[in-house]
Amino acid sequence: MKCPYCGFEEDKVIDSRPTDEGSAIRRRRECCKCQKRFTTYEKVESLPLMVIKKDKTRQVFNREKLLTGLLRACEKRPVSVNDLEQLVEGIESQVYNSLQREVTSKAIGEMVMSKLKNLDEVAYVRFASVYRQFKDINTFMDELHKLLKEK
Ligand SMILES: [Zn+2]
């Protein structure tokens, strides 16, 4: 499996376990070159997780895409890639464990935001501003006020 950090193609599996419901196997891997750790999932191919978009079209859930969006939101923030990977993993298993094969992009976005809020507030606001597509500065400020009120 190609290392997501350095691209090296050899790794060793350091942990391997089924997810709660047994529909997937999660493997923790360590790159043989840079020693960084990453996670892969093995799933039954006939059961992809589908995301229902706003216009009702379906798309296969893409964890890389989600992770990329999160990395962008966390740019120059004290959030580790590992934290973000765990966040994405948490969301994925939450959906898988719900036994649903389809989930709305809205539901995913809300899950991401509730988790991101605990990790880093600046990243949260950035992600929310892209995700909710704030139309103007006022809706953006509303979100900030909400955030401050929750404190
Ligand atoms: Zn590596």
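What counts as what
- Residues numbered from 1 in each chain as written.
- Predicted model: local features only at pLDDT ≥ 70, side-chain atom pairs only at ≥ 80, totals over all residues.
- Heavy atoms only, no water.
- Donors = N, O, S within 2.8 Å, 3.2 Å for Na, K, Ca; no water.
- Tetrahedral: all angles 85-135°; square planar, octahedral: opposite > 155°, others 65-115°.
- Buried < 20%, exposed > 50% of the residue type's maximum accessible area, 1.4 Å probe, protein only.
- Axes fitted to C-alpha atoms, helices over the stretch in contact; angles between N-to-C directions.
- Helix = DSSP H or I, 4+ residues; strand = E, 2+ residues; numbered from the N terminus.
- Parallel < 35°, antiparallel > 145°, perpendicular 65-115°, else oblique.
- Left-handed = near helix turned anticlockwise from the far one by under 90°.
- Contact = heavy atoms within 4.5 Å.
- Nonpolar A, V, L, I, M, F, W, Y, C, P; charged D, E, K, R; others polar.

(A) Structural view of the coordination of the zinc ion. Only Cys 3 (SG), Cys 6 (SG), Cys 31 (SG) and Cys 34 (SG) from the protein coordinate the zinc ion, and they sit 2.2 to 2.4 Å from it. Seen from the zinc ion, its 4 donor atoms lie at angles of 107 to 116°, and the figure they make is tetrahedral. Mapping the donors of the zinc ion onto the primary sequence gives the spacing C-x2-C-x24-C-x2-C. On the accessibility criterion, Cys 31 (1% relative accessible area) is buried.

(B) Highlighting the packing of helix H3 (residues 105-119) against helix H4 (residues 121-131). Closest axis-to-axis distance for the H3/H4 pair is 7 Å, and the angle between their directions is 160°. It follows that H3 is roughly antiparallel to H4 by the angle criterion. The way H3 lies across H4 gives a crossing that is left-handed. Counting all contacts with H3, which are made through Ser 105, Lys 106, Gly 109, Glu 110, Val 112, Met 113, Leu 116, Lys 117 and Leu 119, the residues of H4 involved are Glu 121, Ala 123, Tyr 124, Phe 127, Ala 128 and Tyr 131. By residue class, the composition of the contact of H3 with H4 is 9 nonpolar, 2 polar and 4 charged.

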